[in-house]
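Structural features, examined
Given next are the chains, with one letter for each unit.
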Amino acid sequence: VSGWILNASVNESELIQGAVYTRNLVLVLGAILLVLLLLVVGYLDVFRLTRARDELHRSQQRFQLIFHRGNDGIFVHGMDRQGTPGVFSQANRNFLTLMQMNRRQMIGASAGRVIGDRIGEDYSALLRDVLLQKYRLVETTIQLPGGNCSHVEFRLFLVESRRELAVMGFVRDISLRIRSRQ
């Protein structure tokens, strides 16, 4: 009878050593890939943040250009949820000229006092309409210091930012238009 005699001796430590080496290699490569992934994600986040910051800066520049170089008087003041006017936070030169005030007098002053006491409308009622409709256009007369009156057009827009409310208004002197109608 012929046959093969196998003398097989298996060294268990050699088998385990290869498996441990493979496992360690997979763990190290996995950790390297994780670190690379985190670096790429971090880089993309920084890139997006930088791009968003640049867009915000350009938007602010455009807003300032429109706000301060427009033909209309432009103002921004706060408002509560009942339509009570708050204080002015912004006013361009044209609005200051129309109201015959300087920036120091205007910023922080009550819009109810500055506008509400001078127009032929109930300013708080106009603001309540702005709360409901988000926009309001009204033609009225405004009493200027020194007793002069001027016909103006108010365009009031609701500005909602988080939990705060504000009104952005555009004021145009329409005295010539009113005179031409008559």
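Nothing here was measured: the structure is a model prediction, and the numbers come from that model. Position numbers for residues count from 1 along each chain, tracking the sequence in the order it is written. Local features in this predicted model are restricted to residues of pLDDT 70 or higher, and side-chain atom pairs are both shown and tallied only at a pLDDT of 80 or more, whereas totals for entire chains, interfaces and linings draw on every residue. Excluded from the side-chain calculation are hydrogens and water; included are all heavy atoms of the structure.

Here the focus is the overall build of the protein. Secondary structure follows DSSP: runs of H or I at least 4 residues long count as helices, runs of E at least 2 residues long count as strands, and numbering of each begins at the N terminus. Along its length, the protein carries 6 helices and 5 strands. Shown N-terminal to C-terminal, the secondary structure of the protein runs as helices and strands in the order α-β-β-α-α-α-α-β-β-β-α. Our radius of gyration looks at C-alpha atoms and nothing else; its globule reference is 2.2 Å times the residue count to the power 0.38. Compactness check: the protein gives a C-alpha radius of gyration of 35 Å against a globular reference of 16 Å for 182 residues, more than 25% above the reference. In terms of overall dimensions, the protein has a C-alpha envelope of 130 × 30 × 30 Å along the principal axes. Considering the protein as a whole, with its 182 residues, one finds that 28% of them fall into the buried category. In what follows, a contact means two residues having at least one pair of non-hydrogen atoms within 4.5 Å. Considering only residue pairs separated by 6 or more positions, the protein has 41% of its internal contacts joining residues 24 or more positions apart. Surface accessibility in these figures is a Shrake-Rupley result with a 1.4 Å probe; residues are shielded only by whichever protein chains are displayed. Total accessible area on the protein stands at roughly 13100 Å², and carbon and sulfur atoms take up 57% of it. Note that His is not counted, nor are the chain ends; the positive residues are Lys and Arg, and the negative ones are Asp and Glu. Where a charge lies is defined by one atom per residue type, namely NZ (Lys), CZ (Arg), CG (Asp) and CD (Glu). A gap of 7 Å separates the mean positions of the 23 positive and 16 negative side-chain charges of the protein. Three labels apply to residues, based on accessible area from a 1.4 Å probe with only protein chains included: buried if under 20% of the type maximum, exposed if over 50%, partly exposed otherwise in between.

Pairing of aromatic rings covers Phe, Tyr and the six-membered ring of Trp, with a centre-to-centre limit of 6.5 Å; geometry is then stacked below 30 degrees between planes, edge-to-face above 60, and tilted otherwise. Scanning all chains against the criterion turns up 6 aromatic pairs. Seen from their ring centres, Phe88 and Phe95 are 5.8 Å apart, and the 45° between their planes marks the pair as tilted. Phe95 matches Phe88 in its accessibility class, with the two residues each being buried. Taken together, the ring pairs connect Phe75, Phe88, Phe95 and Phe154 into an aromatic cluster.

In this scheme, patches are assembled from residues that exceed 30% relative accessible area and form no salt bridge. Like charges are connected within 9 Å, while nonpolar side chains (Val, Leu, Ile, Met, Phe, Trp, Tyr) are connected within 5 Å. Salt bridges, as used here, are contacts in which a Lys or Arg side-chain nitrogen is within 4 Å of a carboxyl oxygen on Asp or Glu. On the surface, a cluster of nonpolar side chains totalling about 900 Å² of accessible area is made up of Tyr21, Leu25, Val28, Leu29, Ile32, Leu33, Val35, Leu36 and Leu39. Mapped onto the elements of the fold, Leu33 is located in helix H1 (residues 12–69). Looking at Leu33, the relative accessible area reads 57%, which means it is exposed.

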